[in-house]
Amino acid sequence: CTYQDNNNKLLDMMKSIPDERRTARFRCVICLWWDQNEQDLVEGAAEGFITREIGGKEGFGYDPVFYYPPADKRFSEMSLEEKNAISHRGKALTLARDKIIERLNRPR
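The rules behind these values
- Residues numbered from 1 in each chain as written.
- Predicted model: local features only at pLDDT ≥ 70, side-chain atom pairs only at ≥ 80, totals over all residues.
- Heavy atoms only, no water.
- Phe/Tyr/Trp six-rings, centres within 6.5 Å; stacked < 30°, edge-to-face > 60°.
- Helix = DSSP H or I, 4+ residues; strand = E, 2+ residues; numbered from the N terminus.
- Buried < 20%, exposed > 50% of the residue type's maximum accessible area, 1.4 Å probe, protein only.
- Pairing = 2+ DSSP bridges.
- Contact = heavy atoms within 4.5 Å.
- Salt bridge = Lys/Arg side-chain N within 4 Å of Asp/Glu carboxyl O.

Draft legend 1. Inspection of the packing of aromatic side chains at higher detail. Under the definition given, this model contains five aromatic pairs. Arranged with centres 6.1 Å apart and planes meeting at 45 degrees, the rings of Tyr3 and Phe60 form a pair that is tilted. With Tyr3 in helix H1 (residues 3–13) and Phe60 in the loop between strand E2 (38–50) and strand E3 (66–68), the pair connects residues that are 57 residues apart, well separated along the chain. Seen from their ring centres, Phe26 and Phe66 are 4.5 Å apart, and the 50 degrees between their planes marks the pair as tilted. In this pair, Phe26 sits in strand E1 (residues 23–35) while Phe66 sits in strand E3, placing the two residues 40 residues apart along the sequence. Residue Phe26 shares its accessibility class with Phe66, and that shared class is buried.

Draft legend 2. Representation of the pairing of E2. Here E1 pairs with E2 via 12 bridges, running antiparallel. Across the sheet, residue Asp35 finds its bridge partner in E2, namely Glu38. In this sheet, E3 lies alongside E2 in antiparallel orientation, the contact comprising two bridges. Counterpart to Ile50 in the pairing with E3 is Phe66.

Draft legend 3. Structural context of the sheet that holds E2. In space, the four strands of this open sheet follow the order E1-E2-E3-E4, with antiparallel pairing throughout. Both edges of this open sheet fall to E1 and strand E4 (73–74), since each of them pairs with a single strand only.

Draft legend 4. Region of the structure containing the environment of Lys91. Within the fold, Lys91 resides in helix H3 (residues 88–104). We classify Lys91 as partly exposed; its relative accessible area is 30%. Sequence separation of Lys91 and Gly44 is 47 residues, and the distance between their C-alpha atoms is 4.8 Å. Setting aside residues no more than four positions away along its own chain, Lys91 makes contact with Gly44, Ala45, Ala46, Tyr68 and Ile86.

Draft legend 5. View of the pattern of salt bridges. Per the stated rule, a full pass over the model turns up 10 salt bridges. One network of salt bridges, with partners in common, ties together Glu38, Arg103 and Arg106.

Printed below as a string of C-alpha coordinates:
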(Lines give C-alpha, C1' and ligand atoms only; values in the text may rest on other atoms or scores of the structure.)
Protein backbone atom coordinates (compact mmCIF):
# COMPACT_ATOMS: atom_id res chain seq x y z
CA CYS A 1 0.00 0.00 0.00
CA THR A 2 1.04 3.63 -0.33
CA TYR A 3 1.52 6.39 2.23
CA GLN A 4 -1.76 7.84 0.95
CA ASP A 5 -3.49 4.50 1.62
CA ASN A 6 -2.10 4.42 5.17
CA ASN A 7 -3.16 8.01 5.87
CA ASN A 8 -6.66 7.37 4.53
CA LYS A 9 -6.97 4.24 6.64
CA LEU A 10 -5.80 6.08 9.77
CA LEU A 11 -8.23 8.96 9.22
CA ASP A 12 -11.08 6.53 8.58
CA MET A 13 -10.28 4.55 11.75
CA MET A 14 -10.09 7.76 13.80
CA LYS A 15 -13.11 9.59 12.35
CA SER A 16 -15.18 9.19 15.53
CA ILE A 17 -12.33 10.19 17.87
CA PRO A 18 -12.88 13.69 19.31
CA ASP A 19 -10.20 16.30 18.59
CA GLU A 20 -8.90 16.40 22.18
CA ARG A 21 -8.16 12.65 22.03
CA ARG A 22 -6.32 12.68 18.69
CA THR A 23 -2.91 13.07 20.31
CA ALA A 24 0.06 11.51 18.58
CA ARG A 25 3.78 11.10 19.10
CA PHE A 26 6.62 10.35 16.73
CA ARG A 27 9.52 8.62 18.53
CA CYS A 28 13.02 7.72 17.45
CA VAL A 29 15.38 5.72 19.66
CA ILE A 30 19.05 5.21 18.77
CA CYS A 31 21.37 2.79 20.53
CA LEU A 32 25.10 3.47 20.46
CA TRP A 33 26.74 0.13 21.20
CA TRP A 34 30.28 0.74 22.40
CA ASP A 35 30.95 -2.77 23.70
CA GLN A 36 29.33 -5.58 25.70
CA ASN A 37 29.39 -3.50 28.88
CA GLU A 38 28.63 -0.04 27.60
CA GLN A 39 25.77 1.30 25.52
CA ASP A 40 23.98 4.62 25.29
CA LEU A 41 20.33 5.05 24.35
CA VAL A 42 19.04 8.38 23.13
CA GLU A 43 15.48 9.28 22.26
CA GLY A 44 13.81 12.08 20.35
CA ALA A 45 10.09 12.74 20.35
CA ALA A 46 7.69 15.10 18.64
CA GLU A 47 4.25 15.56 20.22
CA GLY A 48 1.28 16.51 18.12
CA PHE A 49 -2.19 15.63 16.88
CA ILE A 50 -3.71 13.66 14.04
CA THR A 51 -5.64 16.04 11.79
CA ARG A 52 -9.00 15.26 10.22
CA GLU A 53 -7.77 15.83 6.67
CA ILE A 54 -4.62 15.20 4.66
CA GLY A 55 -2.64 18.33 3.84
CA GLY A 56 0.74 19.66 2.77
CA LYS A 57 3.09 18.51 0.05
CA GLU A 58 6.39 17.77 1.81
CA GLY A 59 7.61 14.81 3.82
CA PHE A 60 6.44 11.21 3.76
CA GLY A 61 4.57 8.65 5.81
CA TYR A 62 2.18 10.23 8.29
CA ASP A 63 3.56 13.77 7.83
CA PRO A 64 0.37 14.93 6.00
CA VAL A 65 -1.81 14.12 9.03
CA PHE A 66 0.60 14.97 11.88
CA TYR A 67 0.00 18.49 13.22
CA TYR A 68 2.84 19.93 15.32
CA PRO A 69 1.46 22.69 17.61
CA PRO A 70 4.73 24.59 18.33
CA ALA A 71 5.11 25.27 14.59
CA ASP A 72 1.33 25.63 14.01
CA LYS A 73 1.49 23.33 10.98
CA ARG A 74 1.73 19.76 9.79
CA PHE A 75 5.11 18.12 9.24
CA SER A 76 4.15 17.98 5.54
CA GLU A 77 3.90 21.79 5.49
CA MET A 78 7.51 22.28 6.67
CA SER A 79 10.70 22.52 4.67
CA LEU A 80 13.17 19.68 5.18
CA GLU A 81 15.44 21.98 7.19
CA GLU A 82 12.57 23.12 9.39
CA LYS A 83 11.38 19.57 10.03
CA ASN A 84 14.87 18.20 10.72
CA ALA A 85 15.40 20.85 13.40
CA ILE A 86 12.37 19.74 15.45
CA SER A 87 11.50 16.19 14.40
CA HIS A 88 11.93 13.09 16.51
CA ARG A 89 14.72 11.88 14.22
CA GLY A 90 16.47 15.24 14.24
CA LYS A 91 16.37 15.38 18.04
CA ALA A 92 17.62 11.79 18.43
CA LEU A 93 20.42 12.27 15.90
CA THR A 94 21.57 15.46 17.64
CA LEU A 95 21.70 13.61 20.96
CA ALA A 96 23.55 10.68 19.34
CA ARG A 97 26.06 13.07 17.76
CA ASP A 98 26.65 14.69 21.17
CA LYS A 99 27.23 11.27 22.78
CA ILE A 100 29.71 10.31 20.04
CA ILE A 101 31.63 13.58 20.43
CA GLU A 102 31.64 13.14 24.21
CA ARG A 103 32.97 9.59 23.78
CA LEU A 104 35.69 10.69 21.35
CA ASN A 105 36.82 13.42 23.73
CA ARG A 106 36.89 11.15 26.78
CA PRO A 107 40.35 10.78 28.34
CA ARG A 108 41.79 7.32 27.84
